[in-house]
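The residues making up each chain are set out below.
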Amino acid sequence: MRIFEIGTGYTSIPADKGAATEIVVDNLSRSLIKLGHDVTVVDIEDPNRLPTDLSILEVPMPKGFGATDEALGIKHKLKRVVYSIKLAGVLKKALHQLPAGDKVLLHFHNQYNAFFFYKLVPSSLRSKVAVAYTVHSYIWHDDWDVIEGTIKRRYFQEVDAMEHADQSFVLNADAISLITEHVGVDASKLTLIANGVDTESYRPCDSSEVADLASSLGLANMDCIIQVGSVCDRKNQMGALKMIAPLMQKRKNLAYIYAGGVIDQEYKDSLEAFAFSCGISERVVYLGELKPGKELNRYYNLAKCSLFATKAEAFSLVVIEAMSSGQPVFVDSSLKVDLDGIERYSDGDELCRKISRILDDETERERMAAAARATVLEKYSWDKVAFDYARAFEKLI
């Protein structure tokens, strides 16, 4: 099967930062190739692309809108549009060159990209393809009366993409219910799918592998709780810190370490101010934005557990990364994510009790860590997820 995996245009593939969708496209493409499929990644041009053995079809961009121009805001939206228009041109040319009778599968991961494809590529060329679309947006997490206005204003392109696609893949069951009930996409055109994780890059490390790292951060002999994700209100580092601050005040060897790109500097400043007010600022450590893969895995392995307090998510890569690295992962009970192998908490008191339990009982912590790793190997490896995608793709070609 010939497949075009479509990069979003945010940053190039492979990503050198925590760009979740780009990480998905990279790893999914590799696992589809292992299954014997012919995969081309269509992606934003980048003269400084990280080394890769993937086949890349580049989308040329005007100056000022390249792979390294990753600022958010109005320019980010404009870049999405420009890339999507250029992408449509590249796909149009590729489909023109497709031999008569051949058919390819296009797999989109971004609403802008799919929307402009349908607007700018003529139906005579679109007849040569089957189209799959994966819904990565976190917006579908909430109740319909909360998100309806936002969907109509900012995600109408995603609705259009799902209406036109031959099959859409959705990362949690609650989102499927919302889409079928309120958007009107037929349930037969929606497939529940998981994200995957590179279980070789994210794995348990021997303590000696991270001892130097702990010393360099001033965390030797400290019990660490790690949270990974963009630093902003939605990821809710403040909520996490407020919940565990009383425990940190009691346990002087407990540290909160967090990593991710800073989306909101004022929000990060407020974290630091809160930590100072609680007398724990020396044990609240910002790690910066870490390179995905083996580097990030070392930091997961520094910690006794991982905390995921985000307010809204479709399917978080960092949760299964932490599980794969051999960490117990604590997730807010209110978060609607379809994940096995996680430990839920309903409030700060319950969270602190559960964290205290594993800090006081290393055997129990190791049991939970091993169970998390085993769950990932069974259900969330990229080979397993790619197989599920490929089985659905084959019905479309």
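In this report, the structure presented in the accompanying data block is examined. (Residues numbered from 1 in each chain as written. Predicted model: local features only at pLDDT ≥ 70, side-chain atom pairs only at ≥ 80, totals over all residues. Heavy atoms only, no water.)

## So, the environment of Gln237
By secondary structure assignment, the location of Gln237 is in helix H9 (residues 237–250). For Gln237, a relative accessible area of 1% corresponds to the buried category. Between the alpha carbons of Gln237 and Leu307 there is a distance of 9.4 Å; along the sequence they are 70 residues apart. Gln237 has contacts with Gln227, Gly229, Ser230, Val231, Cys232, Tyr256, Tyr258, Tyr267 and Leu271, leaving out every residue within four places of it along the chain. Among the polar contacts made by the side chain of Gln237, one reaches the main-chain carbonyl oxygen of Ser230 at a distance of 3.0 Å. (Helix = DSSP H or I, 4+ residues; strand = E, 2+ residues; numbered from the N terminus. Buried < 20%, exposed > 50% of the residue type's maximum accessible area, 1.4 Å probe, protein only. Contact = heavy atoms within 4.5 Å. Polar contact = N/O pair within 3.5 Å; in protein donor to acceptor, adjacent residues only side chain to side chain.)

## As for the packing of aromatic side chains
One pass over the full model with this rule turns up 10 aromatic pairs. Ring centres of Tyr202 and Tyr300 lie 6.1 Å apart, and the angle between their planes is 65 degrees; this geometry places the pair in the edge-to-face category. Taken together, the positions of Tyr202 in the loop between strand S7 (190–192) and helix H8 (207–216) and Tyr300 in helix H11 (residues 294–302) put the pair 98 residues apart, joining distant regions of the chain. Comparing Tyr202 with Tyr300 shows no difference in burial state: the two are buried. Of the aromatic side chains, those joined through ring pairs into one cluster are Phe108, Phe117 and Tyr118. Note that Lys242 overlies the ring of Phe274, its terminal NZ or CZ placed 5.9 Å from the centroid. (Phe/Tyr/Trp six-rings, centres within 6.5 Å; stacked < 30°, edge-to-face > 60°. Lys NZ or Arg CZ within 6 Å of the ring centre and 35° of its normal.)

## So, the state of the cysteines
Inspection of every chain in the model, using the stated rule, returns zero disulfides. Cysteine Cys224 shares no disulfide, and the gap to the nearest cysteine sulfur, in Cys305, comes to 9.7 Å. (Disulfide = S-S within 2.5 Å.)

## A few points about the sheet that holds strand S1 (residues 2–6)
With parallel pairing, seven strands are arranged side by side in an open sheet as S3-S2-S1-S4-S5-S6-S7. Only two strands of the sheet have a single neighbouring strand rather than two, namely strand S3 (55–59) and S7. Averaged over all neighbouring strand pairs, the angle between strand axes comes to 25 degrees, with direction disregarded. Looking at chain direction, S1 and strand S2 (residues 38–44) are connected through five bridges and run parallel. Bridge pairing links Ile3 to Val39 in S2. (Pairing = 2+ DSSP bridges. Axes fitted to C-alpha atoms, helices over the stretch in contact; angles between N-to-C directions.)

## Remarks on the pairing of strand S12 (residues 329–332)
Residues of S12 alternate between two faces, with Val329 and Val331 on one and Phe330 and Asp332 on the opposite face, all of them buried. Where strand S11 (residues 305–308) meets S12, three bridges bridge the pair, whose relative direction is parallel. In the sheet register, Ser306 faces S12, and the bridge partner there is Val329. The pairing of S12 with strand S13 (residues 343–345) spans three bridges and is classified as parallel. Pairing of Asp332 across the sheet is with Tyr345, part of S13.

## Comments concerning the side chain of Asp332
With respect to the helices and strands, the residue Asp332 is situated in strand S12. Among the polar contacts made by the side chain of Asp332, one reaches the main-chain amide nitrogen of Ser334 at a distance of 2.8 Å. Setting aside its immediate chain neighbours within four residues, Asp332 contacts Phe308, Arg344 and Tyr345.

## Describing empty space enclosed by the protein
Counted according to the given criterion, the structure contains one cavity of 30 Å³ or more. The calculated volume of the largest cavity comes to roughly 40 Å³. If you go around the largest cavity, the residues you meet are Val135, Ser137, Tyr138, Trp140, His141, Val170, Leu171, Asn172, Ala175, Glu313 and Ala314. Tallied by class, the residues present in the lining of the largest cavity amount to seven nonpolar, three polar and one charged. (1 Å grid on protein atoms, 1.4 Å probe; cavity = no way out; pocket = protein on both sides within 12 Å on 5 of 7 lines; lining within 4 Å. Points joined across faces, edges and corners; volume = space filled by probe spheres on them. Nonpolar A, V, L, I, M, F, W, Y, C, P; charged D, E, K, R; others polar.)

## Regarding the sheet that holds strand S8 (residues 223–228)
Strand order across the open sheet formed by six strands is S10-S9-S8-S11-S12-S13, with parallel pairing between neighbours. Unpaired on one side and paired on the other, strand S10 (284–286) and S13 mark the two borders of the sheet. Mean inter-strand twist for the sheet, computed between neighbouring axes without regard to direction, equals 25 degrees. Two elements, S8 and S11, share two bridges in a ladder whose sense is parallel. Bridge assignment links Ile225 to a residue of S11, and that residue is Cys305. Running over the sheet, H9 touches S8, strand S9 (254–259), S10, S11 and S13 and is turned about 165 degrees from S9.

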